[in-house]
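# Notes for the structure review
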Amino acid sequence: MTELEKLNQIPEDVEKELKGIDDLNQLQQKKALFLGKKGPFAEIMNNMKNLGADAKKEIGMATNKIKQAIEAKFEEKRKAIEDAIIQKKLEQEKIDVTLPGVALPVGGIHPLMQTVMDLEDLYISMGYSVAEGPEIETDEFCFEKLNLPKGHPARDMQDTFYINPELLLRSQTSPVQVRTMLEKKGEPIKIICPGKVYRRDADDATHSHQFMQCEGLVLGPNITLADLKGALLEMARKMFDKDRKIRLRPSFFPFTEPSVEVDVSCGICGGKGCSTCKNSGWIEILGAGMVNDNVLRMSGYDPKKIQGFAFGIGVERIAMLKYKIDDIRNFYINDVRFLNQFKEEK
Ligand code: DAH
């Protein structure tokens, strides 16, 4: 084979070697094979010294030309491989921006929380403040200072969970009355106190061992039962509708005298009588009364100067009537199918 024949053979060899190559490393190896120090061009250049001047010139020019063509060939192949890699990557990373997004589930306000918030808004608008007390309470604040001494028969209605003989889970929000009176030292008071309470009751459709109350306490120089009625009528109208009526029935609580139980006119039948109101036209929603003189005195108030009323609203009671829920346990089992019904549409 002459040097010229050898040269002319190279492009064909390169063509063969490059077939099927699709990665840059392999390409680099092939390039070294043809264009490196041990490649055919290097060999031809090496043999050049044995040639005459004319042949040298001819072979030299041909070598340059073919070498350039081969370099161009490798360059072209490199670009093609790189393009293919990018193309593949784009293919794999392709996203369809028109697909709908993944909607994250959003929570809503629990109906009991909503009821408490509504009560707070309504009483704050009438000048009340919101007070709080601990759920773990002393026997003294939960009972004794509310005129329920140890052994008092009315304690039976409020059997609760004891931590020890002096500490218990509060069975009512009324101890917050005591705490507030001790804090205000004879000054007028106008508070509500929403919160959790506990009783040793077996859970059923109308009983829960843990539920919520919203206590109210208003003390001042000239507060009367008429003020109590006004505060509760306003609540019934705002929580339900403007046509609601309330009815005060005589009752007994150790911490109030006189005591009343308060009914609201039935919203299902409009007071005519139906199964919800057991044909009476009325539904009981809370206990209330004028604060008992003993309770005032025990917490440092002089009943001759200051007196007032208190009430204890059953929060579940209000929520069940308002949202037409027939089982109190629904509030506490965290079934999202139940809870989602109260979610506001965004
Ligand atoms: N604490 C009472 C209960 O749990 C409700 C109650 C009645 C609260 C009369 C009061 C009140 O503040 O004056 O049954």
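Details of the structure are given in the entry above.
Note on numbering: residues in each chain are counted from 1, in written sequence order. Restriction of local features to residues with pLDDT of at least 70 applies here, the model being predicted, together with a cutoff of 80 or more for giving and counting side-chain atom pairs; totals for whole chains, interfaces and linings are based on all residues. Excluding hydrogens and water, the side-chain values take into account all heavy atoms of the structure.

### What about the pattern of salt bridges?
Opposite charge on two side chains permits pairing when their charged atoms draw close. In what follows, salt bridge is the name for a side-chain nitrogen of Lys or Arg lying within 4 Å of a carboxyl oxygen of Asp or Glu. A full pass over the atoms with the stated rule returns 23 salt bridges. Residue Lys238 pairs with Glu234 through a salt bridge whose shortest N-O separation is 2.7 Å. Here Lys238 and its partner Glu234 are both found in helix H8 (residues 225-239), 4 residues apart, which amounts to about one turn of the helix. The closest approach of N and O atoms between Arg337 and Asp335, which form a salt bridge, is 2.7 Å. Residue exposure (1.4 Å probe, protein chains only): buried if accessible area is under 20% of the type maximum, exposed if over 50%, otherwise partly exposed. By relative accessible area, Asp335 is classed as partly exposed at 23%. Three or more residues joined by partner-sharing salt bridges are found here, namely Asp139, Glu144, Lys150, Arg155 and Glu166. Under the DSSP-based scheme used, a helix requires at least four consecutive residues in state H or I and a strand at least two consecutive residues in state E, with every element numbered from the N terminus.

### Looking at a negative patch on the surface
Only residues whose relative accessible area exceeds 30% and that form no salt bridge are eligible for patches; like-charged ones are grouped when within 9 Å, while nonpolar side chains (Val, Leu, Ile, Met, Phe, Trp, Tyr) are grouped when within 5 Å. Values of accessible area rely on a 1.4 Å probe in the Shrake-Rupley scheme; residue burial ignores everything except the protein chains shown. When charges are counted, neither His nor the chain ends are considered; positive counts come from Lys and Arg and negative counts from Asp and Glu. Charged groups are reduced to one reference atom each: NZ for lysine, CZ for arginine, CG for aspartic acid, CD for glutamic acid. Negative charge collects at one region of the surface, where Asp156, Asp159, Asp201, Asp203 and Asp204 lie side by side. Positionally, Asp201 belongs in the loop between strand S5 (189-198) and strand S6 (210-220). Take Asp201: its relative accessible area is 33%, and that puts it in the partly exposed class.

### Structural notes on the side chain of Ser174
In this structure, Ser174 sits in the loop between strand S4 (167-169) and helix H7 (175-184). By relative accessible area, Ser174 is classed as buried at 4%. Reaching out from Ser174, the side chain makes a polar contact with the side chain of Glu215 at a distance of 2.9 Å. Only heavy atoms enter the contact rule, under which two residues are in contact if any of them lie within 4.5 Å. Each residue touching Ser174, except ones within four places of it in the same chain, is listed here: Leu146, Glu215 and Phe255. For the purposes of these results, a polar contact is taken to be a pair of N or O atoms within 3.5 Å, where, inside protein, one atom must be able to donate a hydrogen and its partner to accept one; residues adjacent in sequence count only when each atom of the pair is a side-chain atom.

### Details of the site of the ligand
Of all residues adjacent to the ligand, which total 16 residues, the nearest are Gln172, Gln177, Arg199, Gln213 and Glu215. Against a free-state accessible area of 350 Å², the protein chains account for coverage of 91% of the ligand. Within the residue set of the shell around the ligand, elements represented by two or more residues are S6, strand S9 (282-291) and strand S10 (307-314). Throughout, the term near means that a residue has one or more heavy atoms lying within 4 Å of the molecule or strand in question.

### Structural notes on a nonpolar patch on the surface
Taken together, the side chains of Ile109, Met113 and Met117 present a nonpolar region at the surface, about 240 Å² in accessible area. Counting through the fold element by element, Met117 comes out in helix H5 (residues 111-124).

### So, the environment of Glu43
Within the secondary structure, Glu43 is located in helix H3 (residues 40-47). Along the primary structure Glu43 and Glu3 are separated by 40 residues, whereas in three dimensions their C-alpha atoms are 9.8 Å apart.

### Observations concerning the packing of H5 against H8
Axes here refer to lines fitted to C-alpha atoms; in helices the fit is confined to the stretch in contact. Angles between the N-to-C directions go from 0 to 180 degrees. Where H5 meets H8, the axes come as close as 10 Å, and the angle between the chain directions of the two elements is 130°. Classified by the angle between their axes, H5 and H8 sit oblique to one another. The two elements H5 and H8 cross, and the hand of that crossing is right-handed. Taking contact as the criterion, the partners of Thr115, Asp118, Leu119, Leu122 and Tyr123 in H5 are, on H8, Ala231, Leu232, Glu234, Met235, Lys238 and Met239. In the scheme used here, Gly and all other residues not listed as nonpolar or charged are polar, with Ala, Val, Leu, Ile, Met, Phe, Trp, Tyr, Cys and Pro taken as nonpolar and Asp, Glu, Lys and Arg as charged. Grouping the amino acids of the contact of H5 with H8 by side-chain chemistry returns 7 nonpolar, 1 polar and 3 charged. If an angle is under 35 degrees, it is roughly parallel; if it is over 145, roughly antiparallel; if it lies from 65 to 115, roughly perpendicular; otherwise it is oblique. By definition, turning the near helix anticlockwise from the far helix through less than a right angle yields a left-handed crossing, and turning it clockwise yields a right-handed one.

### Here's the deal with the packing of aromatic side chains
When we look at a pair of aromatic rings, we describe it by the centre distance and by the angle of the planes. For Phe, Tyr and Trp, where Trp contributes only its six-membered ring, two rings pair if their centres lie within 6.5 Å, and the inter-plane angle classes them as stacked under 30 degrees, edge-to-face over 60, or tilted in between. On inspection of all chains with the given rule, the structure shows 8 aromatic pairs. Centroid distance Phe34 to Phe74: 6.4 Å. Interplanar angle 45°. Geometry classified as tilted. Residue Phe34 is found in helix H2 (residues 24-35), and its partner Phe74 is found in helix H4 (residues 53-92); the two are separated by 40 residues along the sequence. The exposure class assigned to Phe34 is buried, which follows from its relative accessible area of 8%. Members of the aromatic cluster, connected to one another through ring pairs, are Tyr123, Tyr128, Phe309 and Phe311.

### A short note on unusual backbone geometry
Cis geometry is found at the peptide bond from Glu257 to Pro258, where omega equals -5°. Of note, Pro258 is situated in strand S8 (residues 256-265). A positive phi is found at Asn147, a non-glycine position, where the angle reads about 70°. Within the secondary structure, Asn147 is located in the loop between helix H6 (139-142) and strand S3 (162-164).

### A look at the environment of Asp227
Along the chain, Asp227 turns up in helix H8. For the pair Asp227 and Gly308, spaced 81 residues apart in sequence, the C-alpha separation works out to 8.8 Å.

### What to know about the sheet that holds S9
Strands are labelled as partners when DSSP assigns at least two bridges between them. Spatially, S1-S5-S6-S10-S9-S8-S7 is the arrangement adopted by the 7 strands of the open sheet, whose pairing is mixed. Looking at strand neighbours, the two that pair on one side only are strand S1 (129-130) and strand S7 (246-253), the edges of this open sheet.

### Considerations on the nonpolar core
Tyr123, Met235 and Phe311 are the most contacted members of the largest nonpolar core, which totals 43 residues. Those elements giving two or more residues to this core turn out to be H5, S6, H8, S8, S9, S10 and helix H10 (315-323). Discounting residues that sit within four places of it in the chain, Tyr123 has contacts with Tyr128, Ile192, Ala231, Leu232, Met235, Phe311 and Ile313. To form a nonpolar core, buried Ala, Val, Leu, Ile, Met, Phe, Trp, Tyr and Cys residues must be joined to one another through side-chain atoms within 4.5 Å. Counting 24 residues, the second largest nonpolar core, distinct from the first, contains Leu217, Phe253, Val291 and Leu296.

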